[in-house]
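Here's the letter readout for the chains.
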Amino acid sequence: MSDLKQKPFDIPKRLVWEAYRKVAANKGAAGVDGQSIAEFEDDLKGNLYKLWNRLSSGTYFPPPVRGVEIPKKAGGTRMLGVPTVADRIAQTVVCMVLEPTAEPKFHPDSYGYRPGRSALHAVGKARRRCWENDWVIDMDIRAFFDTVPWDLVLRAVRHHSREPWVLLYVQRWLEAPLQLPDGTISERTMGTPQGSAISPLLANLFMHYAFDAWMARTYPAVTFERYCDDAVVHCRSKAQAEFIRDKIAARLAECGLELHPVKTRIVYCKECVTNAEGGVM
């Protein structure tokens, strides 16, 4: 493949093809260009080659992310970001390179968006631990995907990839503007759009260093289950729960995040395990 040697970044064409297959299997809505997966496939070979060529040459710049408002269960709306089909493929390429190096380092009690793990696994572990500890911190981070600091996300990525193009494109995705439902373009200075292909991995990388590794290092006897930006922390007493909550709040503040003052609760565990509808998580 002679054209590969002329590119500054060594990105195999097969990797782009495999990323396309993953995106096609997941389906998904069109981005700001209005192009569906079926329309992308009308010139599949040409579109994939164009994407590979730009990624490999360093000239790929993501278009704005299409903002879609969806209702929250508790009221209000949440803004999801929908990338274009080509951009989802490009993000998946980076995920396929970054995830194998990051995944083995993740904490065993991190359950969100990881292979072979689910919210049900986290709930099962939480229930068992509720019999061992009487109190839990039901932890909620305020507007995590809207406020996560870019510099710390990029620092976490650097820990797991020496590929300069991985860091380059992660930074460009973080900086990509958001097209609001009314068509206006909103520039962003922090956060990673919830709904993009790479955001769950970036969220896990960030939270691994901001929370998981810090907890394991600072309070190794305190167990927890984390699902992306939500977590349950098990404590022996209410006093310990209040102490650990305050320490977590201070730690997250150092990392540019805030514990939600209302949604973060200290809960008596015995009441949760008798709740047949699912308890705390």
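Going by the structure above, here's the rest.
Here goes a summary of the coordinates provided. Model, not experiment: these values are computed from the prediction.

**What about the overall build of the protein?**
Next up, step 1: Of the regular secondary structure elements, the protein holds twelve helices and eight strands.
Next up, step 2: Classification of the 281 residues of the protein by burial places 47% in the buried group.
Next up, step 3: Taking the intrachain contacts of the protein between residues at least 6 apart in sequence as the baseline, contacts between residues at least 24 apart amount to 74%.
Next up, step 4: Roughly 14,100 Å² of accessible area belongs to the protein as shown, and the carbon and sulfur atoms make up 52% of that amount.

**A closer look at the nonpolar core**
Next up, step 1: Counting residues in hydrophobic clusters, the biggest one holds 68 residues, and the most contacted among them are Ile-89, Phe-206, Val-233 and Ile-248.
Next up, step 2: Here this core takes ten residues from helix α10 (residues 199-218), the largest share from any one element.
Next up, step 3: For Ile-248, the residues in contact, after removing those within four places along its chain, are Met-139, Phe-211, Trp-214, Met-215, Val-233 and Leu-259.
Next up, step 4: Listed in part, the five residues of the second largest apolar core include Cys-130, Val-232, Val-267 and Cys-269.

**Things to note about the pairing of strand β7 (residues 230-235)**
Next up, step 1: Among the six residues in β7, five count as buried, and that is most of the element.
Next up, step 2: By the bridge criterion, six bridges tie strand β3 (residues 135-140) to β7 in an arrangement that is antiparallel. By the bridge assignment for β7, Asp-140 is matched with Asp-230.
Next up, step 3: Across four bridges, the pairing between strand β6 (residues 224-227) and β7 is antiparallel. Paired with Glu-225 across the strands is Val-232, a residue of β7.

**Observations concerning the pattern of salt bridges**
Next up, step 1: Taken as a whole and assessed by the stated rule, the structure comprises nine salt bridges.
Next up, step 2: A salt bridge links Lys-125 to Asp-109; the nearest nitrogen and oxygen atoms lie 3.6 Å apart. Within this pair, whereas Lys-125 is found in helix α6 (residues 119-130), its partner Asp-109 is found in the loop between α5 (85-102) and α6, the two being separated by 16 residues in sequence.
Next up, step 3: Overall, the relative accessible area of 7% leaves Asp-109 in the buried class.
Next up, step 4: A salt bridge links Glu-254 to Arg-251, with the shortest nitrogen-to-oxygen separation between them at 3.6 Å.

**A word on the packing of aromatic side chains**
Next up, step 1: All chains considered together, the criterion is met by eleven aromatic pairs.
Next up, step 2: For the pair Trp-17 and Tyr-20, a centre-to-centre distance of 5.3 Å together with 45° between the ring planes defines the contact as tilted. On the criterion of helical spacing, the pair formed by Trp-17 and Tyr-20 is a turn pair, its members being three residues apart in helix α2 (residues 13-26).
Next up, step 3: Assessed through its relative accessible area of 35%, Trp-17 is described here as partly exposed.
Next up, step 4: Consider the rings of Phe-144 and Phe-145, whose centres lie 5.2 Å apart with planes at 85°: the pair is edge-to-face.
Next up, step 5: Assessed through its relative accessible area of 9%, Phe-145 is described here as buried.
Next up, step 6: Through a chain of ring-to-ring contacts, the aromatic side chains of Tyr-60, Tyr-169 and Trp-173 assemble into a single cluster.
Next up, step 7: Its guanidinium or amino end placed over the ring of Trp-52, Lys-13 lies 4.7 Å from that ring's centre, counting from NZ or CZ.
Next up, step 8: Taking the ring centre of Tyr-111 as reference, the NZ or CZ of Arg-117 above it sits at 5.3 Å.

**Points about the side chain of His-234**
Next up, step 1: Along the polypeptide, His-234 turns up in strand β7.
Next up, step 2: Engagement of the side chain of His-234 in a polar contact is seen with the side chain of Glu-225, the distance being 2.9 Å.
Next up, step 3: Filtering out sequence-adjacent residues up to four positions away, His-234 remains in contact with Ala-126, Arg-129, Cys-130, Asn-133, Trp-135, Val-136, Val-222, Thr-223, Phe-224 and Glu-225.

**As for the sheet that holds β7**
Next up, step 1: Pairing within the open sheet is antiparallel, and its four strands lie in the order β6-β7-β3-β8. Each edge of the sheet is formed by a strand with only one pairing partner; in this case those strands are β6 and β8 (265-268). Within the sheet, the average angular offset between the axes of one strand and its neighbour, ignoring direction, is 20°.
Next up, step 2: Contacting β3, β6 and β7, α6 crosses the sheet at an angle of about 160° to β6.
Next up, step 3: Of the strands in this sheet, β3, β7 and β8 are in contact with helix α11 (residues 238-254), which crosses β3 at around 25°.

**Here's the deal with unusual backbone geometry**
Next up, step 1: A positive phi angle, close to 50°, is found at Ala-143, a residue other than glycine.
Next up, step 2: As for its position among the elements, Ala-143 is in the loop between β3 and α7 (144-147).
Next up, step 3: For Ala-143, a relative accessible area of 37% puts it in the partly exposed group.

Calculation criteria
- Residues numbered from 1 in each chain as written.
- Predicted model: local features only at pLDDT ≥ 70, side-chain atom pairs only at ≥ 80, totals over all residues.
- Heavy atoms only, no water.
- Helix = DSSP H or I, 4+ residues; strand = E, 2+ residues; numbered from the N terminus.
- Buried < 20%, exposed > 50% of the residue type's maximum accessible area, 1.4 Å probe, protein only.
- Contact = heavy atoms within 4.5 Å.
- Areas by Shrake-Rupley, 256 points an atom, 1.4 Å probe, with all protein chains shown as cover.
- Core = buried A, V, L, I, M, F, W, Y, C linked by side-chain atoms within 4.5 Å.
- Pairing = 2+ DSSP bridges.
- Salt bridge = Lys/Arg side-chain N within 4 Å of Asp/Glu carboxyl O.
- Phe/Tyr/Trp six-rings, centres within 6.5 Å; stacked < 30°, edge-to-face > 60°.
- Lys NZ or Arg CZ within 6 Å of the ring centre and 35° of its normal.
- Polar contact = N/O pair within 3.5 Å; in protein donor to acceptor, adjacent residues only side chain to side chain.
- Axes fitted to C-alpha atoms, helices over the stretch in contact; angles between N-to-C directions.

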